[in-house]
Each structure stands twice: as structure tokens, then as C-alpha cells.
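Letter by letter, the chains look like this.
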Amino acid sequence: MDVSLSEMGSGMMSPGPNPGSHGTRMRLTVTPSSVPAGKVSLRAYNAGVLAHEVVVLPLPAGQTPGRRVTGSDGRVSETGSLGEASRTCGAGAGNGIAPGSTSWTTLTLRPGRYELLCNFPGHYAAGMYAELDVTG
Ligand SMILES: [Cu+2]
């Protein structure tokens, strides 16, 4: 599956109306949003102008994406993480994916709901999350 990371409206000359407390809206999209259980290859492309990452977390029953609590550091808990792609032009965990670069990882996922997110400070609250459904 492919994950795309970006900020909305980046490169625009005039600031738009403030859509939230963070000003800049950011985006994480996953295609397809549903995959069969088992080994899943994840490829994350950073189409934005800032560094980003992708962390895969289970989504508790009844919880919708985007509702995790962010700490004072602007990040959410990564407890239960199934893996991440955060290395510029490399696999697995690193210091973030540089703009215009790709990172990748392979996950083994059981059937269920997952949330893909960027855990750079403030990015989750700015909109960098998406649901992934794994079918049995
Ligand atoms: Cu980000």
C-alpha cells in the first residue's frame, strides 16, 4: 500500500483562513484503505515540504481516527506500534522522511482496524492520520 504525506496549501502565496488551532493543515492518505491480512508492504512518499513519518498503531474498537490524546510534546503514545517508516530512502525507523523522499517497511497485520499517523510534534493534531482496515 502507498502512503502519501503532505501539507495542504503548501506553496500558496496568501495565508488562507485559519482552519484550526495549528494553522497549517497536514495530510496523510493511504491507498488502498483496505488490505488482506498477512504481510503488507508499506511505502511512504513525502510529497510535502516538511519531514514526516508513518507509524502504524491498532485502532481500538469504537474509536475513530484522529481522536488520540496528544501530550505536551505534541505527540501521541506509540504503545502497541506495529512498525513505522521514517527513514529517508530507507526501511524502517529513522529520523524522518525528508521532502521528496520515500521510506518503506513490511508489516504483518492481523484482521482489524489500524491507524496510520505521523508523530512529529503537532502533526497528528494538524490532521496527519488515516484509517487502514485489514480484512481476514
Ligand atoms: Cu508529519
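Our structure's up above, just so we're on the same page.
Residues numbered from 1 in each chain as written. Predicted model: local features only at pLDDT ≥ 70, side-chain atom pairs only at ≥ 80, totals over all residues. Heavy atoms only, no water.

S.K.: Describe the nonpolar core, with residues and values.
M.R.: Counting residues in each nonpolar core, the largest one holds 25 residues, and the members touching the most others are M1, V3, L5, L42, A44, L116 and L132. Listing elements by their share of this core, those giving two or more residues are strand 1 (2–7), strand 2 (26–31), strand 4 (38–46), strand 5 (54–58), strand 8 (102–109), strand 9 (112–117) and strand 10 (129–135). When neighbours within four sequence positions are excluded, L132 is seen to be in contact with M1, V30, P32, S33, S34, V35, L109, G112, R113, Y114 and L116. Of all hydrophobic cores here, the second largest spans 5 residues; its members include V55, L57, V76 and Y124. (Core = buried A, V, L, I, M, F, W, Y, C linked by side-chain atoms within 4.5 Å. Buried < 20%, exposed > 50% of the residue type's maximum accessible area, 1.4 Å probe, protein only. Helix = DSSP H or I, 4+ residues; strand = E, 2+ residues; numbered from the N terminus. Contact = heavy atoms within 4.5 Å.)

S.K.: Mind laying out the sheet that holds strand 10, listing which residues take part and the relevant values?
M.R.: Taken in spatial order, the 5 strands of this open sheet run 3-10-9-5-6, and their pairing is mixed. Of all strands in the sheet, those with a lone pairing partner are strand 3 (34–36) and strand 6 (83–85), marking the two edges. Across this sheet, the average inter-strand angle for adjacent strands is 30°, counted without regard to direction. Pairing between strand 5 and strand 6: 3 bridges, direction antiparallel. Paired with V54 across the two strands is A85, which belongs to strand 6. (Pairing = 2+ DSSP bridges. Axes fitted to C-alpha atoms, helices over the stretch in contact; angles between N-to-C directions.)

S.K.: Lay out the coordination of the copper ion in plain terms, naming residues and giving numbers.
M.R.: Each protein donor to the copper ion is listed here as H52 (ND1), C118 (SG), H123 (ND1) and M128 (SD); together their distances run 1.9 to 2.5 Å. One can describe the donor arrangement at the copper ion as tetrahedral, given that its 4 donor atoms subtend angles of 88 to 134° at the metal. Here the donor residues of the copper ion share one chain and are spaced in sequence as H-x65-C-x4-H-x4-M. With H52 in the loop between strand 4 and strand 5 and M128 in the loop between strand 9 and strand 10, this pair connects stretches of sequence that are 76 residues apart. Both residues of the pair, H52 and M128, count as buried. (Donors = N, O, S within 2.8 Å, 3.2 Å for Na, K, Ca; no water. Tetrahedral: all angles 85-135°; square planar, octahedral: opposite > 155°, others 65-115°.)

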